[in-house]
Amino acid sequence: MARRGLNNVVREKHVRNGQETWKLSTRTGEPVLAFNYFCEKNADYSFRTQKRYAEVASRFIDYLYEAQVFGTAVRAGHLNAVVEAFPTLLRDGSAVTALRVRRSNSDLWLADVAERLDWMPLAPKSFSNTIAAVNRFLRLSESLAREAGEKAALLGIDSAKGYTALIMALDGAVTLSRHEIAAMKQH
C-alpha cells in the first residue's frame, strides 16, 4: 500500500506572527530554511492555499532528498533531470514510473527513488495547483541561491563556476555556523 508520509523531512505546525503555519526540518533536526521562508512568503494567501503549498513543497523537498540533490553538490544536468521527472512521478505514481523506467533501462535513479517513496498517482484535479506550488518554491529557491552566491562572494568563495564549488567549500573550513552552512547548501 502506498505511503503518504515524508521519508527524509518532518513537517510540523508552527505559529509565526500569531498565525498558524508550518516548518520543516530534516530527520536529524536541521531546519530546512528554504521551506520555512517559503511558508513565510505565502502568509498573504488563504489558509487553505498556504496549507496546500506547504504540503506540496515539503513533499517536493522530500523527493529532492530522496534523489540526493538537496543540500549536496550535484551536476546541473542531474538536478534538472530530477526536477523534470517530478511531474511524471506525481502523475503516474511510483509503481508505473518505476516499471517504465526499469523497462527502458535508463535513468534508473528515478526507479529507485520512486520505489522508496511509494507514491500513488496524483488526482488529475490536483495537478495544476501542485505544479503551481512547486514552481513558486523553485522561483523562491532561485532567488535564495543568488543571495547565497552573493554571501559566498563576500566571504571570498568563488561561486561563479557553479554551486558545486560553493558547496564543496562549505564542506571545508569556512567560518560559518552549522545552520548557515546548511541553509547555503539547501539554496
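Structure first, text after, so check above.
Summary of the structure given here. (Residues numbered from 1 in each chain as written. Predicted model: local features only at pLDDT ≥ 70, side-chain atom pairs only at ≥ 80, totals over all residues. Heavy atoms only, no water.)

## Digging into the nonpolar core
In step 1: Counting residues in each nonpolar core, the largest one holds 40 residues, and the members touching the most others are F35, I61 and Y63.
In step 2: Residue contributions to this core peak at eight residues, all from helix α2 (residues 47-66). (Core = buried A, V, L, I, M, F, W, Y, C linked by side-chain atoms within 4.5 Å. Buried < 20%, exposed > 50% of the residue type's maximum accessible area, 1.4 Å probe, protein only. Helix = DSSP H or I, 4+ residues; strand = E, 2+ residues; numbered from the N terminus.)

## A short note on the side chain of Q50
In step 1: Relative to the assigned elements, Q50 resides in helix α2.
In step 2: Judged by its relative accessible area of 7%, Q50 is buried.
In step 3: Within the structure, the side chain of Q50 is placed 3.3 Å from the backbone oxygen of A43, a separation counted as a polar contact. (Polar contact = N/O pair within 3.5 Å; in protein donor to acceptor, adjacent residues only side chain to side chain.)

## What about the pairing of strand β1 (residues 9-16)?
In step 1: The sheet contact formed by β1 and strand β2 (residues 19-26) spans eight bridges and is antiparallel. Pairing of V10 across the sheet is with S25, part of β2.
In step 2: Taking the residues that link successive antiparallel strands as the turn, the β1-β2 hairpin has two residues, and the phi of N17 there is positive, at about 55 degrees. (Pairing = 2+ DSSP bridges.)

## Here we look at the environment of R136
In step 1: With respect to the element layout, R136 can be found in helix α5 (residues 127-154).
In step 2: Remark: the alpha-carbon pair of R136 and Y53, spanning 83 residues in sequence, is separated by 8.9 Å.
In step 3: A polar contact of 3.0 Å, which involves the side chain of R136, links it to the backbone oxygen of K41.

## Structural notes on helix α4 (residues 108-117)
In step 1: Those residues of α4 that fall on the buried side of the exposure criterion are L110, A111, V113, A114 and L117. Each buried residue of α4 lies within a common arc of 165 degrees when the element is viewed along its axis, so the set occupies one face.
In step 2: Check the buried side of α4 and you find it contacts α2 and α3 (76-104).
In step 3: Immediately downstream of α4, the backbone of D118 shows phi near 55 degrees, a positive value. (Arc of directions from axis to C-beta. Contact = heavy atoms within 4.5 Å.)

## A few points about the packing of α2 against α3
In step 1: Contact geometry of α2 with α3 gives a least axis separation of 11 Å together with a crossing angle of 120 degrees. Between α2 and α3, the interaxial angle falls into the category oblique. Where α2 crosses over α3, the two elements pack in a sense that is right-handed. Residues R59, F60, Y63 and L64 of α2 form the contact with α3, whose participating residues are V82, V83, A85, F86, L89 and L90.
In step 2: Taken together, the residues of the contact of α2 with α3 sort by class into nine nonpolar, no polar and one charged. (Axes fitted to C-alpha atoms, helices over the stretch in contact; angles between N-to-C directions. Parallel < 35°, antiparallel > 145°, perpendicular 65-115°, else oblique. Left-handed = near helix turned anticlockwise from the far one by under 90°. Nonpolar A, V, L, I, M, F, W, Y, C, P; charged D, E, K, R; others polar.)

## A closer look at the environment of K23
In step 1: Mapped onto the secondary structure, K23 falls in strand β2.
In step 2: Judged by its relative accessible area of 33%, K23 falls in the partly exposed class.
In step 3: As a C-alpha pair, K23 and V10 span 13 residues in sequence and 8.2 Å in three-dimensional space.
In step 4: Sequence-distant contacts of K23, that is, excluding residues within four places in its chain, are made with V10, R11, E12, H14, F35 and N36.

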